[in-house]
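Structural characterization, general
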Amino acid sequence: MPTRILPAVGDVDAVRSLTTLLSQLPDAEPVAPVVDSTQLVDTLARLAAESVDELPEVVVVHERIGPVPALELIREVALRFPAVGVILVTSDASPGLFQAAMDYGARGLVALPLSYEELASRVQAVAQWSVGVRRHLGAGSDVFTGVGGTVVTVSGAKGGVGATLTAVQLALAAQASGRATALVDMDLQTGDVASYLDVQFRRSVVDLAAINDISPRVLADAVFRHDTGVALLLAPAEGERGEEVTDRSARQIVSALRSRYEVVVIDCGAQLSGAGAAAVEMADTALLVTTPDVIAVRGAKRAVRMWDRLQIRKAEETTVVVNRHSRSTEIQPPLIQKITGTAVAATTVPAHFKELQGVVDAGRVHELESKSTVKQALWGLAGELGLVRAGEGAHKAGRLRGDRGSVGFRRRKDGGG
């Protein structure tokens, strides 16, 4: 059986030399190369969604791949696609880098300039390892084999637009529908998820920042299981400790959560940190919450442009959510879409703060009544994003399991959810 090899190389000249050499290997079947980290993960995710058998046995990652650094990319591939063997191609063949590559999940290292004998030997060994792993995965249905959970980030165009409330309600909706859900507070200095849900817990996301290998036990120790069933990974109580969560550790944390939960909702706040940028970059869906006023929409446009400049996310890959919407406002969703160049969620959230004031002041937003139009809109948004599924106890009226009131996903006449 031929060995399928997927090269991940950003440099044009390196692509040519690597693919030429791979095509000469015995029983090798090189596939079309990918040019950056995003394309690699997307390609593997698409193949894994069909079947683990559709994945290539070997992925060859060049040291100059981007925008995610090569070692971080290897870690993400190893966590999300454990049946794929990764080889790092690098000009630095020192013992230190070799050890680091192994720690990050690589199965082999090949030095530049490329040698046919070394590449052939390494590819053969990694391919055999991959076949053995797949045989093991096929023997047990409880082994994680797929693309992992859905990651949604929620960012604010500015402070006070409702990003945290949106993130909390999306997580509650997903959990109530029967999906294992984690809610992460990545607003590291000013996060309010704990306050919104009346939680006091001594562990936080910082406790995972210095850990190189986040095992299921370590992850379980760091999260707090809320009464609603949502797993909470909170921001540190001391805001200055947020600096300990780097973009590297954020990628590792998000990958670990994705491998253990069906839905991961991340509140990134309104200030862009390195950790928040990494989360937005890795997300399947990146939401940007704004209100229909000039200042907030300008903030949304500024955020979208910054994400694009920093190569975090393109405008067309971002979805704006309009909060506190009413038909009387001059700025409507189509205008926001035109200004920002993003997609705009079809579900808008109405401006009914009186419904929220009591539960927000009490820190009990999870007890927001189901007849609340704000809750119906936000849970409708969860449905639009594909975060909910009909549970075994779902009622015909659209009620989600675990929620005592009916939650309608029908569209309001004024464009609200």
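Residues numbered from 1 in each chain as written. Predicted model: local features only at pLDDT ≥ 70, side-chain atom pairs only at ≥ 80, totals over all residues. Heavy atoms only, no water.

Description of the overall build of the chain
Secondary structure summary: the chain contains 14 helices and 13 strands in total. For 417 residues, the compact-globule formula gives about 22 Å, and the C-alpha radius of gyration of the chain, at 23 Å, lands near that figure. When the backbone C-alpha atoms are referred to their principal axes, the chain occupies close to 70 × 45 × 45 Å. Taken over 417 residues, the chain has a buried fraction of 53%. In the chain, of all internal contacts separated by at least 6 residues, the share reaching a separation of at least 24 is 75%. Total accessible area on the chain stands at roughly 18800 Å², and carbon and sulfur atoms take up 48% of it. Within the chain, one finds 44 positive and 48 negative side-chain charges whose respective centroids are separated by 7 Å. (Helix = DSSP H or I, 4+ residues; strand = E, 2+ residues; numbered from the N terminus. Rg over C-alpha atoms; globule rule 2.2 N^0.38 Å. Buried < 20%, exposed > 50% of the residue type's maximum accessible area, 1.4 Å probe, protein only. Contact = heavy atoms within 4.5 Å. Areas by Shrake-Rupley, 256 points an atom, 1.4 Å probe, with all protein chains shown as cover. Lys, Arg positive; Asp, Glu negative; His and termini not counted. Charge placed at Lys NZ, Arg CZ, Asp CG, Glu CD.)

With respect to helix H2 (residues 37-50)
Compared with an ideal rise of 1.5 Å per residue, which puts 14 residues at 20 Å, H2 spans 21 Å between its outermost C-alpha atoms and is within 8% of the ideal. Among all positions of H2, only Ser-37, Leu-40, Val-41, Thr-43, Leu-44, Ala-45, Leu-47 and Ala-48 are buried. Against strand S1 (3-8), strand S3 (58-62) and helix H3 (70-80) lie the buried residues of H2. Near the N-terminus of H2, the side chain that reaches the backbone nitrogen of Thr-38, with its oxygen 3.2 Å away, is that of Asp-36. (Expected span 1.5 Å × (residues − 1). Polar contact = N/O pair within 3.5 Å; in protein donor to acceptor, adjacent residues only side chain to side chain.)

Quick word on the UniProt feature "domain: Response regulatory" (unreviewed entry) in the chain
In the UniProt entry, the feature "domain: Response regulatory" (unreviewed entry) is given for residues 4-127. The distance separating the terminal C-alpha atoms of residues 4-127 is 9 Å; by composition the span is 48% helix and 19% strand. (UniProt positions renumbered as here; feature names shortened; annotations may be inferred.)

Focus on the packing of helix H9 (residues 247-258) against helix H10 (residues 274-282)
Interaxial distance between H9 and H10 falls to 8 Å at its minimum, and their mutual angle equals 40°. For the element pair H9 / H10, the angle class is oblique. When you trace H9 past H10, the crossing you get is right-handed. Along the contact surface, H9 presents Asp-247, Ala-250, Arg-251, Val-254, Ser-255 and Arg-258, while H10 presents Gly-274, Ala-275, Ala-278, Ala-279, Glu-281 and Met-282. Partitioned by chemical class, the residues of the contact of H9 with H10 number six nonpolar, two polar and four charged. (Axes fitted to C-alpha atoms, helices over the stretch in contact; angles between N-to-C directions. Parallel < 35°, antiparallel > 145°, perpendicular 65-115°, else oblique. Left-handed = near helix turned anticlockwise from the far one by under 90°. Nonpolar A, V, L, I, M, F, W, Y, C, P; charged D, E, K, R; others polar.)

Some details on a negative patch on the surface
Residues Asp-42, Asp-308, Glu-316 and Glu-317 make up a contiguous surface patch of negative charge. Note that Asp-42 resides in helix H2. Judged by relative accessible area, which is 48%, Asp-42 ranks as partly exposed. (Patch = residues over 30% accessible without salt bridge, like charges linked within 9 Å, V, L, I, M, F, W, Y side chains within 5 Å. Salt bridge = Lys/Arg side-chain N within 4 Å of Asp/Glu carboxyl O.)

Side note on the sheet that holds strand S6 (residues 150-156)
The mixed open sheet is built from eight strands, whose spatial order is S8-S9-S7-S10-S6-S11-S12-S13. The sheet is open, and its two edges are formed by strand S8 (224-225) and strand S13 (343-344), each paired on a single side. In this structure, strand S7 (residues 181-185) lies alongside strand S10 (residues 263-269), joined through five bridges in parallel fashion. By the bridge assignment for S10, Val-184 is matched with Ile-266. (Pairing = 2+ DSSP bridges.)

Thoughts on the environment of Ala-235
Topologically, Ala-235 is positioned in the loop between strand S9 (231-233) and H9. Residue Ala-235 is classed as buried on the basis of its relative accessible area, which comes to 15%. Between the alpha carbons of Ala-235 and Ala-210 there is a distance of 15 Å; along the sequence they are 25 residues apart. Those residues within four positions of Ala-235 in sequence are excluded, and the remaining contacts are Asp-185, Asp-187, Leu-188, Gly-191, Ser-204 and Val-205.

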